[in-house]
Each structure stands twice: as C-alpha cells, then as structure tokens.
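Spelled out from the first residue to the last, the chains are:
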Amino acid sequence: MKRKYFAYPYIVWMILFIVVPMFFIFYYAFNVDGTWTFRKCWETLTDGQKWRVLLMSVEIAFGTTAICLLLGYPIAYILSNMKKTVAGFISVLFFVPMWMNFVLRTYAWRAILEYALPDMLGFKTTLTGTVGAVLMVLVYDFLPFMVMPLYNTLSKLDKSLLEASRDLGADGKKTFFRVVLPLSVPGIVSGVTMVFVPAITAFTVPALIGNGNYNLYGNEIEQAFKVLAGKGDYSIGSTMSIILLICVLISTAVMNHFDNDKEGGSIL
Amino acid sequence: MKKLGRSLKYVYLGFMLLFLYLPIIYLIVFSFNDFTTGSGRRISYSNLGKWNGCTLANYGTVFSGDAGSSLLLTLEIALVSSVIATVIGTAAAIGINSMRKRPRNVVVNVSQLPMVNPDLVTGITFMMLFAFVNGLLSKIGFQISDFAKLLIAHISFSIPYVIFSVLPRLKQSSDLLYEAALDLGCSPIQALLKAVIPDIMPGISSGFIMALTMSLDDFVVSYFVADRIQPLSVYIYSNTAHGAKGVNPALATIIFIPLVSMLLIVNLRRLAKEREYEIQNKKVKMKK
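Here is what the cut-offs are and how they apply
- Residues numbered from 1 in each chain as written.
- Chains lettered and ligands numbered in written order.
- Predicted model: local features only at pLDDT ≥ 70, side-chain atom pairs only at ≥ 80, totals over all residues.
- Helix = DSSP H or I, 4+ residues; strand = E, 2+ residues; numbered from the N terminus.
- Rg over C-alpha atoms; globule rule 2.2 N^0.38 Å.
- Buried ≥ 20, exposed ≤ 12 C-beta atoms within 10 Å, placed from the backbone.
- Contact = placed C-beta atoms within 7 Å.
- Nonpolar A, V, L, I, M, F, W, Y, C, P; charged D, E, K, R; others polar.
- Axes fitted to C-alpha atoms, helices over the stretch in contact; angles between N-to-C directions.
- Parallel < 35°, antiparallel > 145°, perpendicular 65-115°, else oblique.
- Left-handed = near helix turned anticlockwise from the far one by under 90°.
- Core = buried A, V, L, I, M, F, W, Y, C linked by C-beta atoms within 7 Å.
- Expected span 1.5 Å × (residues − 1).
- Bend = angle between axes of the 7 residues up to and from the residue.
- pLDDT = per-residue confidence, 0-100.

## Observations regarding the overall build of chain B
And step 1. Scanning chain B from terminus to terminus reveals 12 helices and two strands.
And step 2. Its helices and strands in sequence order give chain B the pattern α-β-β-α-α-α-α-α-α-α-α-α-α-α, from N to C terminus.
And step 3. Relative to a compact globule of 288 residues, whose C-alpha radius of gyration would be 19 Å, chain B shows 25 Å and is clearly more extended.
And step 4. Along the longest, intermediate and shortest principal axes, the C-alpha atoms of chain B span 80 × 75 × 35 Å.
And step 5. When each of the 288 residues of chain B is scored for burial, the buried share is 36%.
And step 6. In chain B, once contacts between residues fewer than 6 apart in sequence are set aside, the share between residues at least 24 apart is 74%.

Below you can see the structure in the form of structure tokens.
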C-alpha cells in the first residue's frame, strides 16, 4: 500500500466541505428560487448604501490595523530584547486572553463603556455607540494577533547584525530604522493580514459596542443572511460575500507583493 | 537615563497587559455582584455596572438554564471535532508528503483556503451547503442534525491547522525511517504506527491543541451553521446583542480560571526546563 493513499480520505473531505461550499456563493448569487438571474445581483451592485458601508468598513479596518501596529510593535520589540525566559513568560501573559471567548470579552467591554467608565469620569451619557468605542474594542480584540507574528520575527532576528550596525557607527535610532525595521517586514506583513481581514468582517463588535450605529460590511452580510435566509433568498448576501472576497484577495495580494519586494531589497 | 528608559518599558508593558485583562477582571469582579432587582427577587444581568453588594449566588446558578447545556455542547464539539481532525489531518499530511510535486501543490493550496477565508464566508458557505443538502434530503424524510452540522464545520476548519503543523515535522524526519521499518519486517501500517508516528508526535500534539483552540474559540461559523442548538459563544451572543437580558458573569470565571492555571502551569514547566538547560550549558562552557 502506498503512503499517498492516506491523503485520500482528506481529499474527499476537502472537495466536499471546502471546494463545494465555495461554489454555493457563486451559485446563489445568480440563482433566485431556482431560476438564473442577474437582477438581484445587479440590485446589490448598484445599491449605493452598501458601497458606503464597505468604504466605512475598510476605513475602520485600516484604522484598527494601524493602531494595532503602533501599539503592538513596541510590545514585540521590548519583549524580543528581554532575557529569553522572562520574555517567554510575559509573552504568554499577552496571549492568554485570546483563549477566552471573544464574545464574552466584548460583552464585558460593553458593560465597562456603558456604565463603569462614564460613572468614573462623571459623564452623563454612555460611551457605547460611538466610533471611538468600536475602534477601541476592535483594537482590543486583534492586538494579540499583531503582537504574535511580530514577536516571532523580532525574536529570531540575528543580534550580531545590530552589533555590526553599531560598530559601523550607526546610532540606536539609525540602527532601528535601517536594520531592525526592514528585517521585521515579514512579521509586519503577516500581522497586518491577520488583523485587517478579520477586522473588515467583524460583526459582533459593531453589534455589541456600536449599538447598531456603525454597522460594518460584516453586519450587512449577517443581516442579509439571517433575515432573508428564511425566505430562501441568498442572492444579496452571496453577492456581498463575493465583493468581500475580492477585497480580501486584493489586500492579501498587496501585502504579499510588499513582502517580496522588501525581501528582494534586503538581498541586494 | 538608561534606568528611566527601562522602567518606562515595563510601564508600557504593564499598561498594555492591563488593557488586555481589564474586561476579564471586570467580569470576575462582577461575578460576585448581587443582581437581584426589585421586590420580586428577579435576577437581571442587564445592569452589569451597578454594584449592589457581595454574593456567591451567581456561582450557584451558573449552569442553570441554557448555559450549562451550551457549555457542555461546546466541550463535546471541541473534543470530538479535534480528535477526528487530528486523525484525518495527520493521515493527510503523511499522504501529502509522499505525493508528487504537482498534485501536492494543488492539495496544499486548497488546504490554505479555509485559513485565509474570513470566518464569515466559511460560516455562510456551510450554512448554504447544509440548507441545500437538507432541502434535497427532506424529500426522503431525513435531515442532518445541528450537532452533525457543527461537527462537520468544526472538523473542516480545524484540519488545515493539523496538516500544517504535522507537515514541517514530516519534512524534518527522514524517509529512510519508514523504509528501514519495512526492511526490518514491519507491515506498512506497523511501520507508520511504530516508526513514523512517534517521530512526528510533537507536530501531531501541537496540531491537536490548535484544533482544540480554534474550535473552542469559534463563534462566527457556529452562529451561521446551527439553528436550534447553541454552543456557548452563540448562547452568549444571543443573550447580549440587541438589548437582550445579559449573561451571568460567573460564567467568565468558570471558563477562565481553569484555562489560565492550565496554561500557566504548562508554560512555567517549559520555562523551568529551558532554564535548567541553560544553566547546564553554562556549566559545560565553564568546564571547557
């Protein structure tokens, strides 16, 4: 018996539950109640409201990613410069919250923003339902996903390169911007992709924290499926999912391109 | 100056850790809050911000209602799905590793799909698949149960994580091991079980842990796939979103404390081992 046969159960599984389900998005986008039609799909594509929501989602995802990078890079950098045993312990502390279900943590944030923080600061209104609150909780949810790849990259950095840079007369700032930062690009790329893609599709945070004022593209898709699904109408949601997938594809392609470029540069 | 910079670093790390732990601490503190309101002694978790006094009552009622069955369902799905995913995934990795280059690339690339796909898309594709299949099956009076749907979905998104933690291990281990076992009279199955599997065990166990984590942490896929039964995350969401009555904060403590103690013990042990190793290394160096 050849060993490659061991992959066959998985290949069957993969076709049934990874490949076939993907086709359903395309099937239902153009098929309403058993008839092929472009009508629903076209309605969705020409709905200006949906494009505005998409634009806002991309903006918010962008903001989330940028803030995560700004907050996460120093964390990863400081950890990577610590003694290995200490850093190992502290990095575990950073990843432990990820193990508690994020719906529960988001729920706790809602309580804090709705009652505790306004009480403490003496505000009359709640802080939920603002764009700042949505952004903050999104950052909260995705920060570990940024720190993890950055820490992995930075801690594997060859320390002798830094010494070499110092020996050649560069000061700390110059060493950081000319040596450390370019070498950590792979970590930045995977961190950014790990934050940006889930941030566009996040629909729990806007629902729980935004009080429905800041519905993102994920919410629109969720609504389309949960409300219309009973009527057997998957067309609008499927079309929006295709648009979402295209966005994800573009952002991954851009990030990968960025990565390759820099790698080429560092070899030179 | 240098000392100042150093303490500044610790202040920053401490501040960030506080940010990450604040909601968890908040829930744990409020799990001791008295939530009974009004004269009817009714319990309402919606005022999760007003301190009414200390009580342990929340821990008495933590598994009452749907919370207990939801937690049980989450644990069942997580355990069963990650065991099946580990078995299928490990076999797949062994198979993929001995494939020729072209088919191998195809399988590996398709396997990466669930990892890059947003959860939302994975969830709705499964929802549509099951709706379609159940539509066909209803003609012969048969339906896929919610439990089976959840199980299939969780296995599917877990398998790639198993494959990609076993594959690197297989690449490190030598092909000769398998052939040597065959030469020494093992049957192919025996050779795999007795020579190959023990060699790649670290990869298998980390794949299992990954699968378990993904399954325990999942909300989005379960939310779209299950109609009638609710895993814990879906239970929490449906009881908190859109002005619902709220969730018992004691649930957070019940989940979090065992998890944290387990993780810390495992990691502290590993750190202690590393430290021992380091000290021994130093001693060896000194002897030289």
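Next comes the rest of the write-up.
## Details of the overall build of chain A
And step 1. Check the secondary structure of chain A and you find 12 helices and two strands.
And step 2. Its helices and strands in sequence order give chain A the pattern α-β-β-α-α-α-α-α-α-α-α-α-α-α, from N to C terminus.
And step 3. Along the three orthogonal principal directions, the C-alpha set of chain A runs to about 70 × 70 × 40 Å.
And step 4. Expressed as a percentage of its 268 residues, the buried residues of chain A come to 41%.

## Quick look at helix 11 (residues 232-240) of chain B
And step 1. Burial analysis of helix 11 of chain B places eight of its nine residues in the buried class, the great majority of the element.
And step 2. Listed in full, the buried residues belonging to helix 11 of chain B are Leu-232, Ser-233, Val-234, Tyr-235, Ile-236, Tyr-237, Asn-239 and Thr-240 of chain B.
And step 3. Tucked inside the fold, the buried residues of helix 11 of chain B contact helix 5 (102-121) and helix 10 (204-208) of chain A together with helix 3 (66-97) and helix 10 (220-225) of chain B.

## Digging into the interface of chain B and chain A
And step 1. With 64 residues of chain B at the contact, the number on the chain A side is 65 residues.
And step 2. Those elements that place two or more of their residues in the side of chain B that touches chain A are helix 1 (2-30), helix 3, helix 4 (101-116), helix 5 (119-137), helix 6 (146-172), helix 11 and helix 12 (250-287) of chain B.
And step 3. Looking at the side of chain B that touches chain A, its residues break down into 49 nonpolar, nine polar and six charged.

## Structural notes on the packing of helix 6 of chain B against helix 9 (residues 201-217) of chain B
Residue and element names in this part refer to chain B.
And step 1. Across the interface, helix 6 lies against helix 9 with an axial gap of 8 Å and an inter-helix angle of 155°. The angle between helix 6 and helix 9 falls in the class roughly antiparallel. The handedness of the crossing between helix 6 and helix 9 comes out as right-handed. Together, His-154, Phe-157, Ser-158, Tyr-161, Val-162, Ser-165, Val-166, Pro-168 and Arg-169 of helix 6 and Pro-202, Gly-203, Ile-204, Ser-206, Gly-207, Met-210, Ala-211, Met-214 and Ser-215 of helix 9 make up the contact between the two elements.
And step 2. When its residues are assigned to classes, the contact of helix 6 with helix 9 shows 10 nonpolar, seven polar and one charged.

## Comments concerning the environment of Asn-267 of chain B
And step 1. Tracing the backbone shows Asn-267 of chain B in helix 12.
And step 2. The contacts of Asn-267 of chain B, once residues within four sequence positions are left out, are Phe-89 and Val-92 of chain A.

## Focus: the packing of helix 1 (residues 8-29) of chain A against helix 3 of chain B
And step 1. The contact between helix 1 of chain A and helix 3 of chain B brings their axes to 8 Å, and the two run at 110°. Looking at the two axes, helix 1 of chain A sits roughly perpendicular to helix 3 of chain B. Of the residues in helix 3 of chain B, those touching helix 1 of chain A at Tyr-8, Pro-9, Tyr-10 and Trp-13 of chain A are Ile-88, Ala-91, Ala-92 and Gly-95 of chain B.
And step 2. Grouping the amino acids of the contact of helix 1 of chain A with helix 3 of chain B by side-chain chemistry returns seven nonpolar, one polar and no charged.

## Some points on the environment of Tyr-73 of chain A
Residue and element names in this part refer to chain A.
And step 1. Looking at where Tyr-73 falls in the secondary structure, it is placed in helix 3 (residues 48-80).
And step 2. Residue classification places Tyr-73 among the buried residues on the basis of 20 C-beta atoms within 10 Å.
And step 3. Taking the C-alpha atoms as reference, Tyr-73 lies 9.8 Å from Ser-184; in sequence the two are 111 residues apart.

## Focus: the nonpolar core
And step 1. Counting residues in each nonpolar core, the largest one holds 134 residues, and the members touching the most others are Phe-142 and Val-147 of chain A together with Ala-92, Phe-224 and Val-225 of chain B.
And step 2. For this core, the element with the most residues is helix 6 (residues 131-155) of chain A, which contributes 14 residues.
And step 3. Those residues in contact with Phe-224 of chain B that sit more than four places away from it in its chain are Phe-225 of chain A together with Gly-123, Ile-124, Phe-126 and Met-127 of chain B.

## Description of helix 3 of chain A
And step 1. Taking 1.5 Å per residue as the helical rise, helix 3 of chain A with its 33 residues ought to reach 48 Å, and the 47 Å between its terminal C-alpha atoms agrees with that figure.
And step 2. Residue Gly-72 of chain A marks the point of greatest curvature in helix 3 of chain A, where the axis turns by about 30°; the proline Pro-74 of chain A follows within four residues.

## Looking at the confidence of the model for chain A
And step 1. Averaged over every residue, the pLDDT of chain A is 82; the share at 70 or more is 93%.
And step 2. In the model, residues 262-268 of chain A has pLDDT below 50 throughout and makes four contacts with residues more than four positions away in sequence or in other chains.

## Considerations on the confidence of the model for chain B
And step 1. In the predicted model, chain B carries a mean pLDDT of 84, and the fraction of residues at 70 or more is 93%.
And step 2. For this predicted complex, the interface confidence comes out at an ipTM of 0.82, alongside a pTM of 0.84.

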